[in-house]
Amino acid sequence: MNDPHSVNRRQFLGHSSAAIAGAAIAGTAAAPLLSSAAKAAESTPTAETLVGRLYETLSEKQRGDVCFDWDHHDPKRGLLRTFVANNWNITKHEINDDFYSDEQRDLIKQTFESIIHPDWHERYYQQLEDDAGGFGNEQSIAIFGTPGKGKFEMVMTGRHMTLRCDGDSTDHVAFGGPIFYGHAPEFNEGANHIDNVFWDQAIAANDLYKMLDGRQQKEALVAKTPREQNVHFRGHQGKRTGLPVSDMSADQQAHLQTVLQKLVEMYRQSDRDEVVKCLKSQGGLEACELSFYQDNDIGNDKVWDNWRLEGPAFVWHYRGAPHVHVWVNVADDPSVKTNS
C-alpha cells in the first residue's frame, strides 16, 4: 500500500473506497485459502436467509403482530420500517417473551450476529448487557414485506438500538434506512468514558482534531451541538457547519479515512460496501464537513464528546455527552426520502 502521506486529494476517494472494501483484496498466493474461506462463507446463511427461515416458522397470529406490508404507515411514526429512535420498541413483544419459541429466538439472535461483524459480537453483547440486561430484553422486531417474494426487511429495536436487515431491498440507502447505536455503562459518564464500547470512535476523531492547524481547528469548532435526531440530508447546496474535508491535507484526509473505517467496522461487509458506494456517488469524503461541538465538553478537557461527519446525503452524528448516542443516515442522493 502507498504511504498515505503521498496520496493527493484527487486520488484520495479511490483509496478511501478501496480501504473500506479492503477485506476483499488479497494476493494470488492466498488463492487456496480464499477458496476455502469462500466455501465456508457459502455454507453460512446470510442474515436475509435467516429472516426467511424465521418468517416461515411464524404462526398466523404471530405474523399478525410482527409482520407488516412493505409500505405500512403508523399513525404516529409514519413509514414504520424507516423510523429511527434511541429507545423504542417497533412491536409490543420483546424477543425474550414467551411469544416466540426457542427456535425463533435463536433465529433472531443468529440474524443479529450475521449483521454485526464477528469481531464486534463480544462488545455488542456487553452493550446490551449494560443497557438492557442482555440480548432480547427490551428489544423487539418487525418484518416488512414477505421474504422470498420481493422486497422485505427486518428491523430490530430497543434501548440504544435501531438495526436493519434488508438484503438491498431498500433502494439508494445504506443499512436499509437510518440506524442508531449507543451505550451507557453509566448514564452520566466521565471524561474518559470508561467501558463504553463505542468511545474509541470519538478518540479517533479527536486524534484528527489534534492534527489540524489553528485555522482548521477554529473552522471545525462549532459552538452548539444540533439536535441529535436531526439527521436529514442537507444536499449539495445545504448549509453545513465545520471544516470541509477538501481543506484537509493528504495526511489529515488519510486519518479521516481511518475514522470512517472505525465507524463502519462493526457491520458486515455488505453494509460497509453499501456505505462506500453511497458516499462515492455524492462526491466521497471530500464533499463532507467535520464538526466538533464545544458545548457539553465533559471534563472541559477539549476532547470533544460531540462531533459530526456530514455530506450531502451522509450524516454520522456522534453525541458522547452524557453517554454515547450515534445517529446514522446514508444514501446515494440527498433527494432520497428517509424517515429521519
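In this text the structure is predicted, and so the values were computed from the model without any measurement. (Residues numbered from 1 in each chain as written. Predicted model: local features only at pLDDT ≥ 70, side-chain atom pairs only at ≥ 80, totals over all residues. Heavy atoms only, no water.)

## Some remarks on the overall build of the chain
What counts, and what does not: In DSSP terms, a helix is any run of H or I states spanning at least four residues, a strand is any run of E spanning at least two, and both are numbered starting from the N terminus. Contact between two residues is taken to exist if any of their heavy atoms lie within 4.5 Å; hydrogens are not considered. Only the protein chains shown count as cover for residues, and the accessible areas themselves come from Shrake-Rupley with a 1.4 Å probe.
Along the backbone of the chain there are 10 helices and 13 strands. The long-range share in the chain, meaning contacts at least 24 apart out of those at least 6 apart in sequence, stands at 68%. When the accessible surface of the chain is totalled, it reaches about 15,300 Å², and 49% of it is carbon and sulfur.

## Points about the packing of helix 3 (residues 47-57) against helix 5 (residues 102-115)
For the record, the criterion: Working convention: axes come from line fits to C-alpha atoms, limited for helices to the stretch in contact. Angles between N-to-C directions cover 0 to 180 degrees. Throughout, the term roughly parallel applies to angles under 35 degrees, roughly antiparallel to angles over 145, roughly perpendicular to angles from 65 to 115, and oblique to all others. Handedness of a crossing follows from how the near helix is turned relative to the far one, being left-handed for an anticlockwise turn of less than a right angle and right-handed for a clockwise one. Amino acids outside the nonpolar list (Ala, Val, Leu, Ile, Met, Phe, Trp, Tyr, Cys, Pro) and the charged list (Asp, Glu, Lys, Arg) are all regarded as polar, and Gly is one of them.
Where helix 3 contacts helix 5, the two axes come as close as 9 Å, and the packing angle between them is 165°. In terms of orientation, helix 3 and helix 5 fall into the roughly antiparallel class. As for how helix 3 packs across helix 5, the hand of that crossing is left-handed. Only Glu-103, Gln-104, Leu-107, Ile-108, Gln-110, Thr-111, Ser-114 and Ile-115 of helix 5 make contact with helix 3, whose side of the interface consists of Ala-47, Leu-50, Val-51, Arg-53, Leu-54 and Thr-57. Here the contact of helix 3 with helix 5 is composed, by residue class, of seven nonpolar, five polar and two charged.

## A word on a negative patch on the surface
Threshold: Only residues whose relative accessible area exceeds 30% and that form no salt bridge enter a patch; like-charged residues are grouped when within 9 Å of one another, and nonpolar side chains (Val, Leu, Ile, Met, Phe, Trp, Tyr) when within 5 Å. Every case where a carboxyl oxygen of Asp or Glu lies within 4 Å of a side-chain nitrogen of Lys or Arg is listed as a salt bridge. For this count, His and the chain ends are skipped, Lys and Arg are scored as positive, and Asp and Glu as negative. A charged residue contributes its charge at one atom only: NZ of Lys, CZ of Arg, CG of Asp or CD of Glu. The buried label goes to any residue with under 20% of its type's maximum accessible area, the exposed label to any with over 50%, and the partly exposed label to all in between, with areas taken from a 1.4 Å probe on protein chains only.
Residues Glu-129, Asp-130, Glu-186 and Asp-195 make up a contiguous surface patch of negative charge. By relative accessible area, which is 45% here, Glu-129 ends up partly exposed.

## Topic: the packing of aromatic side chains
Quick reminder of the rule: What counts as a ring pair is set by centres within 6.5 Å for rings of Phe, Tyr and Trp (its six-membered ring), and what kind of pair is set by the plane angle: stacked under 30 degrees, edge-to-face over 60, tilted for all other angles. To sit over a ring, a charge needs its Lys NZ or Arg CZ within 6 Å of the ring centre and within 35 degrees of the ring normal.
For the coordinates displayed, the defined rule picks out 19 aromatic pairs. When the ring of Tyr-209 is compared with that of Phe-292, the centres are 5.2 Å apart and the planes differ by 65°; the resulting orientation is edge-to-face. Remark: Phe-292 occurs in strand 10 (residues 289-293) and Tyr-209 occurs in helix 7 (residues 199-211); sequence separation between them is 83 residues. Overall, the relative accessible area of 10% leaves Tyr-209 in the buried class. Residue classification places Phe-292 among the buried residues on the basis of a relative accessible area of 0%. Members of the aromatic cluster, joined through ring pairs, are Phe-112, Trp-120, Tyr-124, Tyr-125, Phe-135, Tyr-181 and Phe-198. Directly above the ring of Trp-120 sits Arg-123, whose terminal nitrogen or CZ lies 3.9 Å from the centroid.

## Remarks on unusual backbone geometry
Cis geometry is adopted by the peptide bond preceding Pro-322, which originates at Ala-321 and carries an omega value of 5°. Relative to the elements of secondary structure, Pro-322 occurs in the loop between strand 12 (314-319) and strand 13 (324-330). Unusually for a residue other than glycine, Glu-138 sits at a positive phi of about 60°. Tracing the sequence through the fold places Glu-138 in the loop between helix 6 (121-132) and strand 4 (140-145). The exposure class assigned to Glu-138 is partly exposed, which follows from its relative accessible area of 37%. For Asn-300, which is not a glycine, the phi torsion comes out positive at approximately 50°. As for its placement among the helices and strands, Asn-300 is situated in the loop between strand 10 and strand 11 (306-311).

Geometric values such as these leave the question of function open.
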